[in-house]
Amino acid sequence: MPSPDKAAAKLHPETRLVHDGIQRSQFGETSEALYLTQGHVYDNAAQAEGRFLNTDPGFQYGRLGNPTTAMLEARMASFEGAEACRATATGMAAVTAAMMAPVRAGDHVVAASALFGSCRYIIEDHLPRYGVETTLVEGTDLDAWRKAVRPNTKLFFLESPSNPTLEVLDIAAIAEIAKEAGAKLVVDNVFATPLYQRPLELGADIVVYSATKHIDGQGRCLGGLILGSKELIEADIQNYLRQTGPILSPFNAWVMLKALETLPLRVAKQAENATAVADWLAAQSKPTKVIFPGHKNHPQAEIIKRQMSGPSTMIAFEVPGGKDGAYRLLDACKLIRISNNLGDAKSLIVHPATTTHQRFTPEVRAAMGVSDGLVRLSIGLEHPDDLIADLEQALAKV
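Just so you know, these numbers come straight off a predicted model, no measurement behind them. (Residues numbered from 1 in each chain as written. Predicted model: local features only at pLDDT ≥ 70, side-chain atom pairs only at ≥ 80, totals over all residues. Heavy atoms only, no water.)

Enquirer: With reference to specific residues and values, describe the nonpolar core.
Expert: The nonpolar side chains of a soluble globular protein tend to be buried, and buried together. Within the largest apolar cluster, 28 residues are counted, with the highest numbers of intra-cluster contacts made by Leu 72, Met 76, Tyr 209, Ile 215, Leu 225, Leu 227 and Leu 260. Contributing elements (two or more residues each) for this core: α4 (67–80), β1 (84–88), α9 (193–196), β6 (206–210), β7 (224–228), α12 (250–260) and α13 (263–282). (Core = buried A, V, L, I, M, F, W, Y, C linked by side-chain atoms within 4.5 Å. Buried < 20%, exposed > 50% of the residue type's maximum accessible area, 1.4 Å probe, protein only. Helix = DSSP H or I, 4+ residues; strand = E, 2+ residues; numbered from the N terminus.)

Spelled out as structure tokens, the structure:
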């Protein structure tokens, strides 16, 4: 018989998201067990010492690990094709740890400029406080990445597709530039989902997720994930999380374990719905621009064809009238609700210029492609005809 690892490698993703990582207790439960405990007891003092030396397998304290969280980490690592995974309390905790842990004062980080507002904060404000130099570049310009490299460059960071403009970057090409520079590439893969883009296979060193989004996908709890090689995770990230404590609660880990079982079904339907809605929007006169990773007229359509196996569940589009036009649209929506979350079973719409990207100056927003008339639409599991009908009546008021 093949080894369990070899057998698991032959299983389809849908199967692995149901079965991988399960550690059943002596009671033989069907569902994964939820271990709500702060700490663990030891048979003797020597065993306690061994746990802290990592020579004795087992758990010590909730901040250092938990059986339920370990199952989530094992399942996601298997699905992502990563050697190791660590779960965090939020998506931004994952991003922060992935960028802070590998660098030291005097190092240099290069990042794409089209980023979620909080990610830009880490690059522009947080890292420099600790003596880490940073440079923002136009992510689609490969020469800009090359020119930004310095002798002390240690890390590249990007989102693809980006939030909220759905810009798609050439991960394989940027990974090669990072490799030549001796730097590690961190990719935020939230908008593509782990189903439709595989950054590690494209050359990325670390992948991060806000598990709050599609992985939970039902508006219940927060969480984040960091995935990569065992060497990278254990060298810096594991100790950073251990000492600073931004760990995922066991309850949230359990919720996400159950959510992974339906992830392929949910994302496939959301992407199907998003395609129908994007096609309809593109045929209307009111939106002045529709951006959807799945349309042949997307600015990076060729890259999408090479590196994504499916479209996003996200749509960005501009309406006339700037902020006033966007507000009229959002306020007129009846089924689609205003929220800055995404990847949810419910369709959600937001005005980035006054929410997720409001702290930036108009000039910086313009450079990022975040116009006053831009709205970001996260498509859920409703019937697409109902979503289109809601958008049709809302657009009529713009």
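Enquirer: Outline the packing of helix α5 (residues 91–100) against helix α11 (residues 230–244), supporting the account with residue identities and numerical values.
Expert: Orientation of α5 relative to α11, taken along the N-to-C sense of each, is 125°, at an axis distance of 9 Å. One way to sum up the angle between α5 and α11 is to call them oblique. Crossing angle aside, the handedness with which α5 passes α11 is right-handed. Here Thr 96, Ala 97, Ala 98 and Met 100 of α5 lie close against α11, whose contacting residues are Ile 237, Tyr 240 and Leu 241. Residues of the contact of α5 with α11, tallied by class, amount to 6 nonpolar, 1 polar and no charged. (Axes fitted to C-alpha atoms, helices over the stretch in contact; angles between N-to-C directions. Parallel < 35°, antiparallel > 145°, perpendicular 65-115°, else oblique. Left-handed = near helix turned anticlockwise from the far one by under 90°. Contact = heavy atoms within 4.5 Å. Nonpolar A, V, L, I, M, F, W, Y, C, P; charged D, E, K, R; others polar.)

Enquirer: Help me get a handle on helix α17 (residues 384–395), residues and values and all.
Expert: Under the 1.5 Å per step criterion, the end-to-end length of α17 is 16 Å for 12 residues, consistent within 8% with the ideal 16 Å. Here α17 has its buried residues at Pro 384, Leu 387, Ile 388, Asp 390, Leu 391, Ala 394 and Leu 395. Viewed end-on, α17 has its buried residues packed into an arc of 160°, placing them on one side of the element. Tucked inside the fold, the buried residues of α17 contact α13, β9 (314–318), α15 (322–332) and β12 (374–378). (Expected span 1.5 Å × (residues − 1). Arc of directions from axis to C-beta.)

Enquirer: Got a sec to walk through the pattern of salt bridges? Specific residues and values, please.
Expert: The tally for this structure, following the rule as stated, stands at 15 salt bridges. When the shortest N-O distance is used, the salt bridge between Asp 236 and Arg 104 registers 2.9 Å. With Asp 236 in helix α11 and Arg 104 in the loop between α5 and β2 (108–112), the pair connects residues that are 132 residues apart, well separated along the chain. On the basis of relative accessible area, Asp 236 is assigned to the partly exposed category, the value being 23%. Across the salt bridge formed by Lys 269 and Glu 272, the nearest N and O atoms sit 3.5 Å from each other. Here Glu 272 and Lys 269 lie together in helix α13, a separation of 3 residues that amounts to about one turn. The network of salt bridges with common partners includes Glu 32, Arg 75, Lys 258 and Glu 261. (Salt bridge = Lys/Arg side-chain N within 4 Å of Asp/Glu carboxyl O.)

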